[in-house]
Amino acid sequence: MKILQTGQFFGNTNETKTLGSLTLTDTEYTQEKVDWHYHENAYFTFLLDGRVLEGNKKEIYHCTAGALLFHNWQEPHYNIKPKGFTRGFHIEFKPDWFQNFDLNISNLQGSINLYNPQLKALMYNIFKESKQNTGSLAIDTLLIELFTKANKNETRFSGNVPHWVMKIRELLNDDLSYDWSLYNLSKQLDIHPVHLSRDFSKYFGCGIGQYIRAIRVQQSLSMIVKGESSLTAIALDCGFADQSHFIRSFKSLHQITPLAYRKLFAEPR
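Residues numbered from 1 in each chain as written. Predicted model: local features only at pLDDT ≥ 70, side-chain atom pairs only at ≥ 80, totals over all residues. Heavy atoms only, no water.

J.: Quick question: what am I supposed to make of the overall build of the protein chain here?
T.: Looking only at helices and strands, the protein chain has 10 helices and 11 strands in total. By the compact-globule yardstick of 18 Å for 269 residues, the protein chain fits well, its C-alpha radius of gyration being 19 Å. The C-alpha extent of the protein chain, read off along each of the three principal axes, is 50 × 45 × 35 Å. Of all 269 residues assigned to the protein chain, the portion counted as buried reaches 51%. Taking the contacts inside the protein chain whose residues are at least 6 apart along the sequence as the reference set, 70% of them involve residues at least 24 apart. As displayed, the protein chain offers around 13,000 Å² of accessible surface, 48% of which is attributable to carbon and sulfur atoms. (Helix = DSSP H or I, 4+ residues; strand = E, 2+ residues; numbered from the N terminus. Rg over C-alpha atoms; globule rule 2.2 N^0.38 Å. Buried < 20%, exposed > 50% of the residue type's maximum accessible area, 1.4 Å probe, protein only. Contact = heavy atoms within 4.5 Å. Areas by Shrake-Rupley, 256 points an atom, 1.4 Å probe, with all protein chains shown as cover.)

J.: Even after reading the chapter, I still don't get helix α6 (residues 193-204), so can you show me in this structure?
T.: What sets the pattern is the α-helix's 3.6 residues per turn: residues three or four places apart point alike. Counted at 1.5 Å a residue, the expected span for α6 with its 12 residues is 16 Å, and the 16 Å between its end C-alpha atoms agrees. Every buried residue of α6 is listed here: Leu196, Asp199, Phe200, Tyr203 and Phe204. For α6, the buried positions fall inside an angular range of 140° around the axis, keeping them on one side. Away from its buried face, by an angle of more than 90 degrees, α6 presents the exposed residues Val194, Arg198 and Lys202. Immediately downstream of α6, the backbone of Gly205 shows phi near 75°, a positive value. (Expected span 1.5 Å × (residues − 1). Arc of directions from axis to C-beta.)

J.: What am I meant to see in the sheet that holds strand β4 (residues 33-39) here?
T.: Adjacent strands of a sheet form backbone hydrogen bonds with each other and so pair up, either parallel or antiparallel. Here we have five strands laid out as an open sheet, ordered β1-β4-β9-β6-β7, and mixed in their pairing. Both outer strands of the open sheet, β1 (2-4) and β7 (60-64), are each paired with one neighbouring strand and no more. Mean inter-strand twist for the sheet, computed between neighbouring axes without regard to direction, equals 35°. In this sheet, β4 lies alongside β1 in parallel orientation, the contact comprising three bridges. By the bridge assignment, Leu4 is partnered in β4 with His39. (Pairing = 2+ DSSP bridges. Axes fitted to C-alpha atoms, helices over the stretch in contact; angles between N-to-C directions.)

J.: Before we go on, may I ask you to explain the pattern of salt bridges in this structure?
T.: Pairing of side chains with opposite charge becomes possible as their charged atoms draw close. Under the counting rule described, the total for this entry stands at six salt bridges. A salt bridge links Lys131 to Glu15; the shortest N-O distance between them is 2.6 Å. Of this pair, Lys131 sits in helix α2 (residues 117-131) while Glu15 sits in strand β2 (residues 12-19), placing them 116 residues apart in sequence. Residue classification places Glu15 among the partly exposed positions, given a relative accessible area of 30%. (Salt bridge = Lys/Arg side-chain N within 4 Å of Asp/Glu carboxyl O.)

J.: I'm lost on the layout of surface pockets in this one. Help?
T.: One simple way to see leftover space: roll a probe sized like a water molecule over the atoms. Each pocket or cavity is described by its volume, and for the largest pocket that value is around 430 Å³. Contributing to the lining of the largest pocket are 19 residues, with Thr64, Ala65, Lys120, Asn173 and Gln218 lying nearest its centre. Breaking the lining of the largest pocket down by element, the ones donating at least two residues are β7, α2, α4 (163-174) and α7 (208-226). Per-element accounting of the lining of the largest pocket gives the leading share, five residues, to α7. Residues that form the lining of the largest pocket fall into these classes: nine nonpolar, eight polar and two charged. In this model, the second largest pocket occupies a volume close to 280 Å³. (1 Å grid on protein atoms, 1.4 Å probe; cavity = no way out; pocket = protein on both sides within 12 Å on 5 of 7 lines; lining within 4 Å. Points joined across faces, edges and corners; volume = space filled by probe spheres on them. Nonpolar A, V, L, I, M, F, W, Y, C, P; charged D, E, K, R; others polar.)

J.: Help me understand empty space enclosed by the protein, please; the structure alone is not making it clear to me.
T.: All told, the structure shown has four cavities of 30 Å³ or more when counted by the stated rule. One number sums up the size of the largest cavity: a volume of about 220 Å³. Phe10, Tyr29, Val34, Asn79 and His90 are, among the 20 residues lining the largest cavity, the residues nearest its centre. For the lining of the largest cavity, the elements supplying multiple residues, two or more each, are β4, β5 (42-49), β6 (51-55) and β9 (77-80). Of the residues that constitute the lining of the largest cavity, the class distribution is 10 nonpolar, eight polar and two charged. Breaking the lining of the second largest cavity down by element, the ones donating at least two residues are β5, α2 and α7.

J.: Explanation requested: the sheet that holds strand β8 (residues 68-71) in the structure shown.
T.: Overall, antiparallel pairing links the six strands, which are arranged β2-β3-β10-β5-β8-β11 in an open sheet. Of all the strands in the sheet, the pair left with one neighbour each is β2 and β11 (111-113). Across the sheet, the mean angle separating the axes of adjacent strands is 15° when strand polarity is ignored. Packing against the sheet, helix α3 (residues 136-157) makes contact with β2, β3 (22-29), β5, β8, β10 (86-93) and β11, and its axis sits at approximately 80° to β3.

The following block contains the structure:
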């Protein structure tokens, strides 16, 4: 089985940066299939554009733009890429990075598909900081926040969770333009609305409205970068009432306007 060293990924490397014990790699995936392999370091894969299927010993992930995976050390996996442009952002960690910040990642074993839009928003901000060349301070700070929230998220979803928890995640992601009411959502889940309102943050780390806005902003990111639609069209496609509401929500998550984001994240071709 092939072992990839620090900074090695299959495809064309757009950029590699080393910040202390971190290695950040921006890669265009070019191979239709990559056989079983593993990397010497723990790392994140963040899909910026396109699609890829990734399989490991336990699961198969069908990843689209915005997918965030964490792989612990030496975790074997394979990849299959459909036709089309696919771009990924990777952050590798040498073991001393976790030791320096006294981070315990025991809850993040194997390969994990991180669904929480708050975690993905943090990763988009990390990518933004890497392109703005702000150095390791901002990136280390965001990564510590990401790992802290990821550990809490995995703790919430470990063991037995109520039946509605997984179902509501699917419902909220399936149709971003649908305007859910608390009554309709609770009826769909067969749960009392007060119980749903009270317990949602226990499993998702935020309120329902905040979670939905984060999903909608996340959905908009790849559309913004492609530049094929106006901001008004993107706002409506992602379930926002209008462009101004979309821009406010976007800036609250990413501290940047959608148009500035489009310029900063222009796809290398």
